[in-house]
Amino acid sequence: MTVALDQKRFAAILVMDVVGYSQLIEADELGTVRAVRSLRNRIILPALEASGGRLVKTMGDGFLAEFGTADAAMTSALEIQNACVEQARAAPVDRRLFLRIGAHIGNVIIEGEDILGDGVNIAARLEGLAHPSGIAASSEFAHALQKGLVAHLDQDGQHTVKNISRSLTVWRWAADRELQHTEPNQSFSPPTVAVLAFLDHAPDPDQTFFAEGLAEDIISALQHMGRLPVIASASSLIIDPALSPQDAARVLGARYLVKGTVRRAGKRIRVTVELIEGDTGHSLWSEKYDREFKDLFGIQDDITLRVVTALDVELVEGEIDRLRQQRPRHLGAWELYLRGMANLRNAALQDLKKAQRDFCDAIDIEPDYGEAWAALGWAYLKEYGFGLSKNRDTALENGFDAARKALSLSKKSPFAHYVMSTAYVWRGEKELSLNELEHAIRLNPYFTRAKVAYHNRKELADPSQGLEAAEEIRKALALSPREPDRAFYFWSIARINLVAGEAFDALDWADRAVSTRPTDANMVYRRAICLAALDRVDDASKALVTCEQLSPGSVARLSKWCPYEDERDDILFSGLVRHGLIDRS
C-alpha cells in the first residue's frame, strides 16, 4: 500500500540528538535507554507542549519536532537545553545527557503524522553542527525571530554540509559551559577515536579479509597506545560507509575518524589511510602505502605499525591545535594536560615551569589522572636533564616521585613506565631503566619513543651494541617523523657514530639535531663536539660561544658530562680537549 503525500506547509523545525549516545549505550545500555526516555517525558514533551509544538517522532537518540513559529521553537529549544544542563548537575559525571539542537524554518511535506523534505534535512544538518548543549540555527530561522529572541544567537559564518547544495549561514546559542569545565572533582576525558571499515576495491572477493584485518589491527593497536579512547570494532566497523564523516562521528560520539581504502593492481597493493576531524569532515592527515602483493600478514603488520605510530602523534597534535584555536575560557584536566604537553616541546626553563603548572592544575581537578602525573614527572626530569635548574637534585626527586605516583595509579600505562625509566637512568640505575622500557614496550609494542630510548640506553650500557643500536634508532625515528623529542635521538645517533669513528656521519646527525632545536644550548654543544672531532676548530669555538650565549654557564656544566661513564667518554670529548676548547680535568 502506498501512502499518499499530502500538501506542504510552512513550519519551524527542531532536530535534537543526544551527545555521545553510542558510548553511553556501550557503558550501560538499559540505563541509557531509560535516561533518554525520561529526558523525552520530563523535559522535551513538557517544553514542546508549553510552546505549542509537536513531537513528530523519536529516532532512538534523536527527536524531530515542529512548531507554528520560529519564536515558539526557539523558546522551546532554550527551555529544553537549560533544563538538560540543570538536570546534568545532579547526575553522575559519566551519566550526564546533553543535547545538540538544529533549528530551521521552511516548507515541509506532510506524510500522515510525519514531515519530510528539504526543511527537515537542513535542520538535521544544522544539528550536526551544534555544540553539545547548544543550538545551531539557519539564517532563515534567525531572521524569523523577534528581537528579544534573536539576541540569544551569535552569527558563526557560512558552513558547507553534505547533500545541501548551498552554504548555510549558521547562528549559534551555547549554554553556560561552566558545568562541563569547572565543576569540582569532575572527570575530564580525552576525545574518542573511531576506526571505520576500510573500503576494499580488490577484484578478488577472497582477499577482503586483508582490509577487514587491517582495520581490526589498527583498532587494537590504538587501544594498546592508551593515548585516547577508541570505539570498539563491534560498533565502528558496522557504520554505513555512505554516511558523511560528520554523521558517522555524530552516531559514534567520536571526535576523530580513521578511514581507509585498499586497492590491488597486478602484483601490487595500495592502502590509503586518512585521519578526519569528525565535526568538520576535514582531513588532518593522510598517507599512502604501496607494497608488493605477497606475505599479506607481513604487509598488514608493517602498515599497522606505520599508521598507528603516525596517528599517535597526529591525534595529540590535532587536539593541541584545537585547543589553540578555540581558546576555551575554562580549561578541564584534558585541556590542561594538552597545554602542558605543548609547553614540554620547548627547551627553555620557563616553558618547563609552565608545563609543570599545567600538569599540577590538571591533577588538582582530577587527582587520579595517571597520565598527568607521568607528564609532570617527565617535565621535572627534563628540567634536570637539561641542567636548567639550580636545584637539579630536587627536580630529579620530584620527577621520580611523580613517576612513582603515576605507576601507582596506572600500572599499565606505557608512558608512566617510560618516565620511570628516565628517572632511573638519571639516577644511574641503568638496568632498572632498561627493565622499565622493556615493560613499556610489552604493554605497547607500537611505542616508538620507548623503542628509541631502549636502543639508546642499551648502547650506553653495553659497548658491543655500537652502530647496530644507531640503525635501530634511525629505523624507529623513520616511523615517527614528528616525534617531539627527535632532536635528542638525532644526537644519540651522532654520539654512537662519533664513538665508532664515523665523525662525518656524526656531524650530519648533529646538524639535524641543531636544525630541529636551534636555540637549545645542549644541541649546540653536542654539535661543537662533532666539529672539534673533525678538527674544525674555529667552527667548534663559535658553537661554544653560541652555546654560552643561549645558556650562560652551560659550557662548563656540559663539559663535565659523562654519558657513558667509561673510556668512551674520553673518545667523545677528545676533539674539544685536544684543541684546548674545554678542560675536563
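What counts as what
Residues numbered from 1 in each chain as written. Predicted model: local features only at pLDDT ≥ 70, side-chain atom pairs only at ≥ 80, totals over all residues. Heavy atoms only, no water. 1 Å grid on protein atoms, 1.4 Å probe; cavity = no way out; pocket = protein on both sides within 12 Å on 5 of 7 lines; lining within 4 Å. Points joined across faces, edges and corners; volume = space filled by probe spheres on them. Helix = DSSP H or I, 4+ residues; strand = E, 2+ residues; numbered from the N terminus. Nonpolar A, V, L, I, M, F, W, Y, C, P; charged D, E, K, R; others polar. Buried < 20%, exposed > 50% of the residue type's maximum accessible area, 1.4 Å probe, protein only. Pairing = 2+ DSSP bridges. Salt bridge = Lys/Arg side-chain N within 4 Å of Asp/Glu carboxyl O. Contact = heavy atoms within 4.5 Å. Phe/Tyr/Trp six-rings, centres within 6.5 Å; stacked < 30°, edge-to-face > 60°. Lys NZ or Arg CZ within 6 Å of the ring centre and 35° of its normal.

1. Considering the layout of surface pockets
Empty space within the second largest pocket amounts to approximately 920 Å³. Taken together, 33 residues make up the lining of the second largest pocket; nearest its centre are Gly385, Val425, Trp426, Arg526 and Trp561. For the lining of the second largest pocket, the secondary-structure elements that each account for two or more residues are α14 (370-385), α16 (414-426), α18 (448-461), α20 (486-499), α22 (521-533) and α24 (554-558). Split by residue class, the lining of the second largest pocket holds 16 nonpolar, 6 polar and 11 charged.

2. Some remarks on the pairing of strand β8 (residues 168-174)
Among the 7 residues that make up β8, 6 are buried, leaving the element largely enclosed by the rest of the structure. Here 5 bridges tie strand β6 (residues 134-138) to β8, and the two strands are oriented antiparallel to one another. Along β8, the bridge assignment pairs alanine 137 with tryptophan 171. For strand β7 (residues 154-159) and β8, the ladder comprises 4 bridges, and the chain directions are antiparallel. Bridge pairing links glutamine 155 to tryptophan 171 in β8.

3. Some details on the pattern of salt bridges
Counted under the stated rule, the structure contains 22 salt bridges. Arginine 54 is the partner of glutamate 113 in a salt bridge, and the nearest nitrogen-oxygen pair spans 3.5 Å. Here arginine 54 lies in strand β2 (residues 54-59) and glutamate 113 lies in the loop between β4 (99-111) and β5 (114-116), a separation of 59 residues in the sequence. By relative accessible area, which is 60% here, glutamate 113 ends up exposed.

4. A word on the pairing of strand β11 (residues 256-265)
Strand direction decides the pairing type here: strand β9 (residues 193-195) and β11, joined by 3 bridges, are parallel. Along β11, the bridge assignment pairs valine 193 with tyrosine 256. Direction of pairing for strand β10 (residues 199-200) relative to β11: parallel, over a ladder of 2 bridges. Within β11, the position partnered with leucine 199 by the bridge is threonine 261. Bridge count between β11 and strand β12 (residues 268-277): 10 bridges; the pairing is antiparallel. From the neighbouring strand, threonine 261 faces β12, where its bridge partner is threonine 272. Following β11, the chain reverses through 2 residues before pairing antiparallel with β12; glycine 266 in that reversal takes a positive phi of roughly 65°.

5. Remarks on the environment of alanine 232
Examined against the element boundaries, alanine 232 turns out to sit in the loop between α8 (208-225) and α9 (233-236). Between the alpha carbons of alanine 232 and serine 220 there is a distance of 9.0 Å; along the sequence they are 12 residues apart. Ignoring anything within four residues of it in the chain, the contact list for alanine 232 reads Glu26 and Gln223.

6. What about the packing of aromatic side chains?
Think of a pair of aromatic rings as described by two things: how far the centres are apart, and how the planes are tilted against each other in angle. Applying the stated criterion to the full structure yields 10 aromatic pairs. With 6.1 Å between their ring centres and 90° between their planes, tryptophan 561 and phenylalanine 573 make a pair best called edge-to-face. Here tryptophan 561, found in the loop between α24 and α25 (568-572), pairs with phenylalanine 573, found in the loop between α25 and α26 (574-578); they are 12 residues apart in sequence, far enough to count as distant. Judged by relative accessible area, which is 0%, phenylalanine 573 ranks as buried. Members of the aromatic cluster, connected to one another through ring pairs, are Trp378, Phe415, Tyr418 and Phe447. Across the ring face of tryptophan 509, the terminal group of arginine 512 is positioned such that the distance to the ring centre comes to 3.8 Å.

7. A look at unusual backbone geometry
For serine 133, which is not glycine, the phi dihedral falls at a positive 65°. Tracing the chain through its elements places serine 133 in the loop between α4 (118-129) and β6. Not every positive phi belongs to a glycine, and glutamate 565 is a case in point at roughly 60°. Topologically, glutamate 565 is positioned in the loop between α24 and α25.

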